[in-house]
Amino acid sequence: MEGSLSQIVSAPGFLAAQEDLICLHCRQPLELQSHQELFLCRRCPVSYPMPGGIPVLLKDSSTYITSMFSQYSRHLLSESQLAKELEISAEKNPRRKNMLLNWKQAMDGNSLYIKEIQDTLQKSADINQLASLLLQPSEISYATGFDYLRRDWCWLPEGEQEIEAIEQNIESQIARYAPDFDNVLIIGAGAGRVAWDMRKQFSRVFAMDKSFLMAHQFHRLFKEDIRFFEINTKNLMHNGDGIRMHRASLLPPWESEQILPEMDTVNYFVGDALSVPIRDHSLSCILSVYFTDLVPLRSYLGEIKRLLKPGGLFIHFGPLDYHFENLSDRLSANEVRAEFSAAGFSWGTEKEVISTHLKSSVSMVYKTYKNWMFSVNRKPDTDYSAGLIESSVIRLKREVLYETKGSITVDTELLKEVNIALPAGDTYQGADSVLDILRLVDGQKTISEVVDMLATEYDLSSQSSRREVVDIIRSLIDKEIIQIIPSC
Ligand SMILES: C[S@@+](CC[C@H](N)C(=O)[O-])C[C@H]1O[C@@H](n2cnc3c(N)ncnc32)[C@H](O)[C@@H]1O
């Protein structure tokens, strides 16, 4: 393992991306405070830490960081116990001594990298929460593995073949169906190879994964290579294959003399597909590679729709090899098609792509997947706000049912979020200012009068802040909460 690198500085790329990132509580833009290593909401007092320079953009980032820290602490403890047991077994089995001690050494080597992550998280962990979280069972998978790092960044022939099968197929869909090449989001981005390669197609790439390890592996490669061990305890022809040392690097060996590139237009953060910190209708494309079977589709289909621009492209690649327990969410391909159609997507193409998955050349066993690849485009919404001008008179379209969420401390009343029930059963999430807008909409005032009245309570001195209010009104019209009164 290379020397410790707790500080991974990735702020410049995020500075350019901050316009698209929003607070998960009040949905207002985030601002990067690179000197403090955090993102701050421009409106409510919520901050999102960046341990080791990696943004953790989750609804409760602090609990996540503390819980990951405790998960890694438990993992390291159990690894060290296992290592001790291997040492004892080695003494008792002279003929297998070397093999057993090699496994121990490899485990110790991999633990050094996990320890580095644990140290990084410790700096942002909340010690007060720690005691209660230590007792909780591990929750997040993909927290300790190196398989995706091996496939993505070790430049082995078997890994490269798998990457080629994925990328060739999704690139042809992008070329054919993407509405434009502004930006792409990769959900469950893993070690990040597909995300990195997408920078050639799109002006900006957002990569998001719920595993801190995955994000850390990607960020770390921009500083130095990662050396780790592949540990095989079965399906081996030769003892020597029980451990293989690998070197993961951003550049392939034939380019290793070149200067390491900057992360630049690729922004990899820790995030959850169920609640993505990116503006509504802002993405050209979303890629789901070996992800659709990890989290029930119905739990984040609404997010995909919210994030994509009208005409935006969603591509799925992988099997339906469900990893969750609930059988009612294990949809067949037919049902997946139906879900997308019902949610307002038009079907593009689909194809079967056979490829191995995370194959190791030294193992007698490997998986072959009949991957299902499909692409769908989000149909444009009915454009209720077409023709909107500042002199348009607006009124409520129907009774508005809403719920608010907030909290009060001794000193201050904290953030408030408003959820408005929409006719189709969805909800519109907004800040509490949305309610102030709705209170002013009376069927007599024009949009500019509403904005002027709002300016007596909010700072709307700049053109951009007035435009933001008009944009909120536009989205309320598109969601059929408000309507324009036709002028006669
Ligand atoms: C099977 S791996 C695939 C990784 C990557 N797409 C690839 O093919 O190389 C799935 C990834 O999804 C991540 N993941 C699981 N649940 C998630 C969630 N709710 N939001 C975002 N990522 C998640 C896991 O941490 C893991 O890295």
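Residues numbered from 1 in each chain as written. Predicted model: local features only at pLDDT ≥ 70, side-chain atom pairs only at ≥ 80, totals over all residues. Heavy atoms only, no water.

K.L.:
Lay out the domain arrangement of the chain in plain terms, naming residues and giving numbers.
P.N.:
The domains assigned to the chain are domain 1 (11-378) and domain 2 (393-485). The interface is formed by 11 residues belonging to domain 1 together with 10 residues belonging to domain 2. When domain 1 packs against domain 2, close to 860 Å² is buried across both sides, 47% of that on carbon and sulfur atoms. For the domain 1 face of the interface with domain 2, the top three residues by lost area are H25, R27 and R43, together amounting to 47%. Applying the counting criterion to the domain 1 and domain 2 interface returns 0 salt bridges. Our count for the contact surface shared by domain 1 and domain 2 stands at 0 residue pairs in polar contact (both at pLDDT 80 or more). Residues of the side of domain 1 that touches domain 2, tallied by class, amount to 5 nonpolar, 3 polar and 3 charged. (Domains from an automatic or database assignment. Contact = heavy atoms within 4.5 Å. Buried area = accessible area lost by both parts, 1.4 Å probe. Salt bridge = Lys/Arg side-chain N within 4 Å of Asp/Glu carboxyl O. Polar contact = N/O pair within 3.5 Å; in protein donor to acceptor, adjacent residues only side chain to side chain. Nonpolar A, V, L, I, M, F, W, Y, C, P; charged D, E, K, R; others polar.)

K.L.:
Tell me about the site of the ligand, and name the residues and values.
P.N.:
Around the ligand there are 18 residues in total, and R151, G188, D209, D272 and V289 lie nearest to it. At a separation of 2.6 Å, an oxygen atom of the ligand approaches a polar side-chain atom of D209. At 3.2 Å, a backbone N or O of K210 approaches a nitrogen atom of the ligand. When the ligand is considered free in solution it has 590 Å² of accessible area, and contact with the protein chains removes 93% of it. Split by residue class, the shell around the ligand holds 10 nonpolar, 4 polar and 4 charged. (Near = heavy atom within 4 Å. Areas by Shrake-Rupley, 256 points an atom, 1.4 Å probe, with all protein chains shown as cover.)

K.L.:
Describe in detail unusual backbone geometry, supporting the description with residues and values.
P.N.:
The residue H281 is not glycine, and still its phi comes out positive at about 45 degrees. Its place among the elements puts H281 in the loop between β8 (266-270) and β9 (283-289). For H281, a relative accessible area of 29% translates into the label partly exposed. Even without glycine at this site, L358 takes up a positive phi of about 55 degrees. Structurally, L358 can be placed in the loop between β11 (345-357) and β12 (367-378). (Helix = DSSP H or I, 4+ residues; strand = E, 2+ residues; numbered from the N terminus. Buried < 20%, exposed > 50% of the residue type's maximum accessible area, 1.4 Å probe, protein only.)

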